[in-house]
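Listed below are the residues making up each chain.
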Amino acid sequence: MSPTTGPDLLPDTYTIPGPPRGGSGSRGSGARASGSPGPTPRPAVFRPDIEGLRAVAVLAVLAFHASVPGLAGGFVGVDVFLVVSGYLITGLLVREAVTTGRVRLGEFFSRRARRLLPSAAVVLGAVALAGAWLTVPLRRADLEHDVLASALSVANWRFVSQQTDYLAAGRDPSPLLHFWSLAVEEQFYLFWAPLVALLVFLAARAVRRGRAVRTAAAVVAGALTLGSFALSLHWTRDSVSLAYLGTPSRVWQFGVGALLALLPWHRLRGPRPLRLLTGWAGLLAIGWCVVAYDAGTPYPGYAALVPTLATAAIILAGTPDRQGGRPTVAPGHGVDRLLGLRAPRAIGRLSYNLYLWHWPVLVLTEARFGTLGWPAKVALSAAAALPAAAVLRWIERPLRRSRTVSELPRRGLSLGLTAVIVPVVLALVVGTGTLRLLGPAGPVDLLGLPPGSPDGTSLLVRTATAPKSGPVVPAAAQARKDFPPDGECEVAPSAVTSPACLFGETTSPDRIVLLGDSHAGQWFSPVLAIAAQRHWALEELVKQGCPLPELDVVNPQLGRAYWECDSWRAASLERLRNGPKPKLIVVSALNRYTDDRRLLLDGWERTLAPLRALGVPIVYLQDTPIPGTDVPACVSGHTEDPAACEFPRARAQWPDPLAEEIAAGRVPGVRSVELNSVLCPGAGRSCPAVLERILLYRDDAHLTNVAAVVLTPRLERLLTEAGLVPAVAAPAVAAPAGPGKAGADGWTAVLRDDFDGPAGSRPSADHWQYDLGTCYPGCPAPQWGTGEIETMTDSTANVRLDGRGALEIVPTLENGRWSSGRIESRRSDLAPPPGGVLRIEASIALPDVTGPAAAGYWPAFWTLGSGLRDGYTGWPAIGELDVMEQVNGRDTVFGTMHCGTLDGGPCQEPKGLGSGDQFCGADCRTGFHRYAVEVDLTAGAEQVRWYLDGREYHRVTAAQMDRATWDKAVNHGLFLILNVAVGGNLPAALGGSPGPATEPGHPMRVDYVAVSTRGGARP
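Because the structure is predicted, anything quoted here is derived from the model rather than measured.

Asker: Is there a simple way to explain the pattern of salt bridges in this structure?
Answerer: Oppositely charged side chains can form a pair if their charged atoms are brought close together. Considering all chains together, one arrives at 44 salt bridges under this definition. Among the ionic pairs, Glu 96 bridges to Arg 104, the shortest N-O distance being 2.7 Å. By relative accessible area, Arg 104 is classed as partly exposed at 36%. The closest approach of N and O atoms between Arg 114 and Glu 107, which form a salt bridge, is 3.9 Å. Of the two residues, Arg 114 and Glu 107, neither departs from the other in class, the shared state being buried. Linked by salt bridges that have partners in common, Arg 839, Glu 841, Glu 934, Asp 936 and Arg 945 make up one network.

Okay, here's the thing in C-alpha cells:
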C-alpha cells in the first residue's frame, strides 16, 4: 500500500455507556420528565485499554511509514482508529440522547473543533512555512494546494483525484497525505451526528426512548455498514485509491464501531475465558496483519475485515459487564491489562499529535536531503514526538480545559473556524508568491526557439547565431500540463476499447496507426505532423499503463491485475484486422514492465504476429530514457543550473531486447527507430533533463509535447530514410485545371496571382486594394495598432511589379519620413468549405538586409477575418492568421494565430499562439521560399497548420480553446494582407528599432499568392 494511512480524530473521551450503579434516575431524562418510565442514565466508564489500543494503531502506522522491514502491513493501524472512533463517538451521541432527550449538535461540533483543529492548524501552518524553505517551487505550489484541502477537510478527495490520475503519476508524496483520514472522519460525522439527532427527535415520544433510539440507530448503522462494505469491495476491484481514500468505502468501519456502542453487548454472559481469548486473538490478528500484509494486498476489500473485526474483538473483550461496570475477563489476564499499562496509555494520549507530525517530518526531510534508510526514518519518527508533545501540552490541553472557550459552543466553533482560516490564508500567501516565481502555467509559447534539427548531433537547428540564453521551454509549471493534444484518445485504465480517434486528413484512405501505451502516445504530435504532410490520417490506439507486448501486469491506479489491458489489446488488434489496411503502424511502449528477457520477447511476438499478418510496414519506436524523478519539479528549483537535474544514464536506459532482436534480423517485418542518441547524447554517465533550453520531460517518464514536436524533423527523416513513409513533394500551389476546378490532387484553386506585368506597374486591381496612411479609416487603432512609424501609400515607389513575375513592397525614407506599402485582397470570402480545408500560400523572398541596417524591418504575409471590414472592430476575436512574419532581418520567421480576448484569454493575447522562430535557410533573404497556412475544419481535425517549404512547423487546434473562441476565429471568410512595416512593438521587443543605420529600399518580393480548397462542399 502507499503511505496513505492516518489516525482517527481525537475522541471526545474514552468512555462507554455503562449499566446503572444504583437505582436513581436522572433529572435530564426526557422520559422521566414526561412522567413515563425511561432509561436510567449510564455514567461514563473510563477505558484505559482503548487508550492503549490507539498506541498499537499509531505505532503500526509509524513503522509502516518508516519502512521498517517485516512491518509492511502497518497501514492497518488506520482501520483500528476508524473502528475506535466509531465506537466512542457514537456512544457519546447516544448517551447524550438517552440522558437529555436530544443531541446538541452545536456542543458536539464545538468539542471536536476545539480539541482537534488547533493542533491540525499548527501542523498545517508549519508545513506551509517549512515547505517554502525545504521544497522546490513546483512541489511547493502543490503543497500549498494540499494545505488548503487539508484545512477544509477535503484532503482525501484531492488525493483520490491525484492517485487515480495516470497522467499525474510520478510525483513525490505530499507531506500532508496522512490528512486524508481526518477528512474522512469529519465528513462522516458531519453526516452521522445530524442523523442521530434526527433519530432522537423522531423517538422523542417513545415510551422507552433509550431503547428506541438505540434500535433505530443500530438499524441505520447496520444498513450503512453493509452498503459501505459492498461498495468497498466494488471499488477495491476497480480503483484501489478510491476505495482506500474515499469516505463512502470507509463508512462500514465506523459502522462496526457504532454497532459495538449501540447493541447490548454488556448483557452477554459468555464464559470469561472465551472473552479473554477473544481479546488476545484480536490483538494477535492485528499483529498478524502488520506482518503479513504488504503493498500487494488488495485493500481495503475483504482483507480489511481482519483488522476491523480484530479491533472490535478487543473492544468487546474489555466491555464492562452488568455488575457495576467491571470488565468481563479475569483481572490481570485480559488484553486490557496489557493495553492499560502506563507506557501504552502515554503513547495513546500522544498518538493524535504524533501522527500529525511524523509524516511531514519524514517527507520534508527527504525532500531536502534525499532518500533515507529505515533506521533514519525511525529516528525521525521518534523525534517527531517532541513537537507533538509540545503542542499537546501548550496548545491542545489548555484549549480543551479552558472554561472560557468551553463555556459556550459558539466559542469553540469560532476557535475551530480560526484554526481553518489561518492555514488557508497562509497557504494562499505562500502559494501566490510561489506561482509568481514559477511564471505562467498556460499553453506553451515557443517564441525564440529555432526549429528541431533533422540530423546531426544537436536537438535544434544550428543557426549563424546561437540560441538566446533564457528560461527553458516549456517552463516547469507548463511542462506538467504539456501533454499531446489528443483529447480523450489516450484511454484511461478502466477503458477496454478506444474510441474512433482519427486525426488529420480523416477522409483520406491512407493512415498511420499509432499503437501502444502512453510512451507511444507521447509521439502523437510528430506522427500526426508526418501524416498530415502526406495528407494521410492518423489513427491513435493508445491506453495508459498497458503494455503492448502480451504481459500480465498490475495497474497501480486499479490496484489489481490489469485485465482491462488484455481486453483493450485484443480489441485493438481485432479492429486493425477488420479495418482498412493502414500505410504504416508505429508501435512503442514502456520498456520496464518486466526485466525477464524471454518473457518480454514472447509477449512481443504474440502481439507482433497478428500485426505482421496485415502485410503493413511496422516500425518499433524505441522507448525514451526514464528519469525516474519529477523532472519539472527539479528544474523549478534549478532554473539557473538545470544541469543539476541530470539523471544517471544506466538507470535511465535499460537494455531493449526487442530492438536488439530487430537489429539482429530475428524479427521479420519490423524496423526499429531510436531518438535516444539525441535525448541522451554522448557516452557520459548522465542524461540531461534540459537540452538546448528544451525541457525534455513532463514528469518522471514522459517527454513534453514541446520536446516531441522539436524531434519531428528527425523522426520524419528516419522514417523516410527507412522507406517507411514517402518523401514529401512540394504541395501544389494551384490547380492546373484553373480556378474553380479541382485538380488531380483534389485541390481547387480559388485565387491566384503570379504578379505578371510590366516593371513599375501596379498589382492587379481585380485582386488587390491599398491600405493608406497610418491606420484604417476612422483611425480605430493609430499606427496600425502596433506602433509602426511608416505611412502606407499606393505609390509605385512602395508597391510595384518588377517585370519578372514578382511583386515588390519597398520601405522608403524621404526627409526623415518612412513610407511603405500594404495591400489587401479584394476578396474577403476566402474560407474552407464546410468540413474541408483552406490553403493560403505565397512564395516570398525576404528583404535582403541584415544586422543594424535591418533594424525595424517587419515584412509580413497574413490574414484577417472578413468582419473587420465592417467597421474594423472585433480584433482579436475575429481571428488573425500570420502566415509569415520576420523582424530585424533575422534568418528566422514565425507564424501566429490571434484570437479570443484583448488581454490574456485562451490565445494568450496580445502575444497570440505563436510558433517561435523558424530557421528559414541561409538564402531566405536572397531566394524564394514557400510560406503557407491551412485552416482545416475536417471533422476530428479542426486545426490551423503552418508550413515552410512544405514542412509543417506549427499547429493550433480547436482543443486549445473553447468552442466559441475557435468558431469566431476561423468559421468565416478571410482576406489577405501583404506589407512591410517599419518599426513597431514587435521589432522593438526583439531589439530592433529603426535608427540612423537602418537602410531603406530593400523590398520584400512575392513570386505568387495562391488560395485553394480541398474536401467538403465545393465553393
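What follows continues from the structure just given.
Asker: I would appreciate a short explanation of helix α30 (residues 963-970) in the present structure.
Answerer: Among all positions in α30, only Thr 965, Trp 966, Ala 969 and Val 970 are buried. The buried residues of α30 all sit within an arc of 100° when viewed along its axis, so they share a single face. Its side-chain oxygen 3.3 Å from the backbone nitrogen of Ala 964, Asp 962 forms the N-cap of α30.

Asker: Please explain the pairing of strand β24 (residues 837-845) as it appears in this structure.
Answerer: Regular strands place their side chains on alternate faces of the sheet. For β24, the buried fraction is high: nine of the nine residues fall into the buried class. Alternating residues of β24 divide into Val 837, Arg 839, Glu 841, Ser 843 and Ala 845 and Leu 838, Ile 840, Ala 842 and Ile 844, and every residue in both groups is buried. With eight bridges connecting them, β24 and strand β30 (residues 929-936) associate as antiparallel partners. Among the inter-strand pairings, Ile 844 is bridged to a residue of β30, identified as His 929. When β24 meets strand β34 (residues 1004-1014), the two strands line up antiparallel, connected through nine bridges. Within β34, the position partnered with Glu 841 by the bridge is Ala 1010.

Asker: I'm lost on the nonpolar core in this one. Help?
Answerer: Taken as a class, soluble globular proteins show a tendency for nonpolar side chains to be buried jointly. Counting residues in each nonpolar core, the largest one holds 106 residues, and the members touching the most others are Leu 53, Leu 93, Phe 179, Trp 192 and Tyr 299. No other element matches helix α3 (residues 77-100), which puts 14 residues into this core. Counting residues in hydrophobic clusters, the runner-up holds 53 residues, among them Phe 503, Ala 520, Ala 689 and Val 725.

Asker: Sorry, what's going on with the sheet that holds strand β22 (residues 817-820) here?
Answerer: The strands that make up a sheet are held in pairs by hydrogen bonds between backbone atoms, and each pair lies either parallel or antiparallel. If you trace the three strands from one edge of the open sheet to the other, you get β18-β22-β21, paired in mixed fashion. Because the sheet does not close on itself, it has two edges, and the strands there are β18 (791-792) and β21 (812-814). Where β18 and β22 come together, two bridges link them in parallel fashion. Within β22, the residue paired with Met 792 across the bridge is Ser 820.

Asker: Would you mind going over the packing of helix α15 (residues 374-383) against helix α16 (residues 385-401) with me for this structure?
Answerer: Two quantities define a packed helix pair, namely the angle between the axes and the distance from one axis to the other. Contact pair α15 / α16: the axes reach a minimum separation of 5 Å and the direction vectors enclose 15°. As judged from the angle between their axes, α15 and α16 are roughly parallel. Residue-level contacts link Ser 381, Ala 382 and Ala 383 of α15 to Ala 385, Leu 386 and Pro 387 of α16. Looking at the contact of α15 with α16, its residues break down into five nonpolar, one polar and no charged.

Asker: How do you make sense of the pairing of strand β33 (residues 974-982) when you look at a structure like this?
Answerer: Judged by how many residues are buried, β33 sits mostly within the fold: nine of nine residues are covered. With burial as the criterion, each face of β33 is covered, one bearing Leu 974, Leu 976, Leu 978, Val 980 and Val 982 and the other bearing Phe 975, Ile 977, Asn 979 and Ala 981. Taken together, the three bridges between strand β23 (residues 822-825) and β33 define a ladder with antiparallel strand orientation. Note that in β33 the partner of Glu 824 across the bridge is Ile 977. Inspection of the sheet shows strand β25 (residues 857-865) paired to β33 by nine bridges, in the antiparallel sense. Residue pairing across strands places Ala 860 opposite Asn 979, the latter belonging to β33.

Asker: Explain the confidence of the model for the protein to me, please; I cannot follow it from the model alone.
Answerer: Per-residue confidence for the protein gives a mean pLDDT of 86, with 88% of residues at or over 70. Under a pLDDT of 50 for its full length, residues 323-330 has, in the predicted model, 22 contacts with residues more than four places off or in other chains. Taken together, the stretch residues 730-738 has pLDDT below 50 and engages in 18 contacts with residues farther than four places along the chain or on a different chain.

Asker: How should I be thinking about helix α21 (residues 524-533) in this particular structure?
Answerer: With respect to burial, α21 is a largely interior element, 10 of its 10 residues being buried. Considered for burial, the residues of α21 that qualify are Phe 524, Ser 525, Pro 526, Val 527, Leu 528, Ala 529, Ile 530, Ala 531, Ala 532 and Gln 533. Just downstream of α21, His 535 is the residue with a positive phi angle, here 60°.

Rules behind the numbers
Residues numbered from 1 in each chain as written. Predicted model: local features only at pLDDT ≥ 70, side-chain atom pairs only at ≥ 80, totals over all residues. Heavy atoms only, no water. Salt bridge = Lys/Arg side-chain N within 4 Å of Asp/Glu carboxyl O. Buried < 20%, exposed > 50% of the residue type's maximum accessible area, 1.4 Å probe, protein only. Helix = DSSP H or I, 4+ residues; strand = E, 2+ residues; numbered from the N terminus. Arc of directions from axis to C-beta. Polar contact = N/O pair within 3.5 Å; in protein donor to acceptor, adjacent residues only side chain to side chain. Pairing = 2+ DSSP bridges. Core = buried A, V, L, I, M, F, W, Y, C linked by side-chain atoms within 4.5 Å. Axes fitted to C-alpha atoms, helices over the stretch in contact; angles between N-to-C directions. Parallel < 35°, antiparallel > 145°, perpendicular 65-115°, else oblique. Contact = heavy atoms within 4.5 Å. Nonpolar A, V, L, I, M, F, W, Y, C, P; charged D, E, K, R; others polar. pLDDT = per-residue confidence, 0-100.

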